[in-house]
Amino acid sequence: MVAPALLIKTDASARQAWTITASGRGLQGRLQIPGDKSISHRSLMLGALASGETRIKGLLLGEDPRRTAACFRAMGAEISDLEAEWVTVKGLGVGQLQEPVDVLDAGNSGTTLRLMLGLLASHPERFFTVTGDASLRSRPMARVIKPLTAMGAQIWGRNNNRLAPLAIQGQILSPIHYHSPIASAQVKSCILLAGLSIDGDTIVTEPSISRDHSERMLRAFGAHLTVDHGARRVTLHGPSQLQGQTVIVPGDISSAAYWMVAAAIVPDSDLVIENVGVNPTRTGILDALQQMNADITLENSREVTGEPVADIRVRTSQLQACTIGGNLIPRLIDEVPILAVAALFAEGTTRIEDAAELRVKESDRIAVTASQLNHLGASVSELPDGLEIQGGATLTGTDVDSFTDHRIAMSLAIAALRASGATTIHQAEAAAVSYPPFAQTLEQFAL
Ligand code: S3P
């Protein structure tokens, strides 16, 4: 009997192992991807804070935005059925979130927890407790607690106020000009959201520009914002009311990246990924792959509810190694694991530097990317702040693990398309955090 190209085994605790046997066939045709995770979170949050109704189309139905919806429902926002084509949010108004009767659980989602923290801290006379899964409870929260505390917030947590679970006693906060030591949209957005109920200017300056979905959407909802790109500085002129809007969520470029790399490295591919968000603060993956000689073109470029969108066509090509670092890193931070997979099949040695942030993502992505690709026969070394990847790899299928990290699970699945024999990815259910139908699409287009 011929082994199926994709075998999914689910155990009693809903853990999945995916066994992938490459078919060798190129990826062809037109493919749709789920909604952008960052924009999905923000549409639910701003919808909950706005007066009137927000209508959202294309919301990502991943585990992470589901957590955001559950948290804001627990604080009084009326959010309709998430499965519907249009999701509606009846907001409460800025500063009007209600004290929840139970712990808010952000699950695996750093964006839910960090952005929400700015809102909770700025709701006087209300008390909140927040937590997350084992991964999130080990991720650094001091990066948001520190500036919020400087604004007058009262937050307590484990490990000397550095780790969740956290307890928050809401306060009237004061304006701040925060010079963030890291380029993090979660830090920036947390402070700006706190600024909505502050009388005065809340200012964040970053070392390099991180994704700007919050700035775009806050403006669209009626907040007064000044952005100085050259100075990498955003000013929110508070206090600010928000008005419900229509948001059409584009496809997530971070999810498109798996298929871009698959089409680049699997021979005879010619794939169009439709309706992808191409906000310039997110398109570092396009720049890096083009630098590697990938055959990528953007078609049908347009703007949809304030975000640039395009269809992305990728054809197979012989990739070349590259060295990336600096300002490019925040623009492709979530794509480094899949970029490492691309680099395995390039000519030469690729270096990825200035990416120490990867060590505090859903897993230590530097260590896990290196160790799991090396299990498959690759030669990837860890740098303190990145990876060095030998091109021209020959991979052999074996057992690997996602370490409960969605982006690792999917990157390994794409690597398996160029491995001989069967690759089994354990804890592959993690993919549902950002891309629930990933396995079906893999089967449809690549196996
Ligand atoms: C996100 C910001 C990034 C990114 C994460 C989503 C956001 O995190 O890695 O997946 O939606 O603001 P940092 O801000 O910590 O870099």
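Okay, so let's go over this structure.

Attention shifts here to the layout of surface pockets. In this approach the atoms are scanned with a rolling probe the size of a water molecule, which exposes any empty space left behind. One number sums up the size of the largest pocket: a volume of about 520 Å³. Residue lining of the largest pocket: 32 residues in total, with Ala183, Ser184, Ala185, Ile333 and Lys361 positioned closest to the centre. Of all elements in the fold, only helix H1 (37-49), helix H3 (110-121) and helix H6 (185-195) reach the threshold of two or more residues within the lining of the largest pocket. Residues that form the lining of the largest pocket fall into these classes: eight nonpolar, ten polar and 14 charged. The residue makeup of the lining of the largest pocket includes at least three contributed by each of domain 1 (6-35 + 250-446) and domain 2 (37-248). There is about 390 Å³ of room inside the second largest pocket.

Below, the discussion takes up the sheet that holds strand E6 (residues 86-90). On the basis of which strands lie adjacent, the open sheet formed by four strands has the order E5-E6-E4-E15 and mixed pairing. Strand pairing shows two members of the sheet lacking a second neighbour, strand E5 (78-79) and strand E15 (246-248), which therefore form its edges. Judged from the three bridges that link them, strand E4 (residues 53-57) and E15 form a sheet pairing that is parallel. Opposite lysine 57, over in E15, you have isoleucine 248 as the bridge partner.

What follows covers the pairing of strand E1 (residues 6-10). Sheet topology note: the E1/strand E2 (residues 16-21) ladder contains five bridges and is antiparallel. Among the inter-strand pairings, threonine 10 is bridged to a residue of E2, identified as glutamine 16. Joining the antiparallel neighbours E1 and E2 is a turn of five residues, in which alanine 14 adopts a positive phi near 70°.

Reading the values: rules and limits
Residues numbered from 1 in each chain as written. Predicted model: local features only at pLDDT ≥ 70, side-chain atom pairs only at ≥ 80, totals over all residues. Heavy atoms only, no water. 1 Å grid on protein atoms, 1.4 Å probe; cavity = no way out; pocket = protein on both sides within 12 Å on 5 of 7 lines; lining within 4 Å. Points joined across faces, edges and corners; volume = space filled by probe spheres on them. Helix = DSSP H or I, 4+ residues; strand = E, 2+ residues; numbered from the N terminus. Nonpolar A, V, L, I, M, F, W, Y, C, P; charged D, E, K, R; others polar. Domains from an automatic or database assignment. Pairing = 2+ DSSP bridges.

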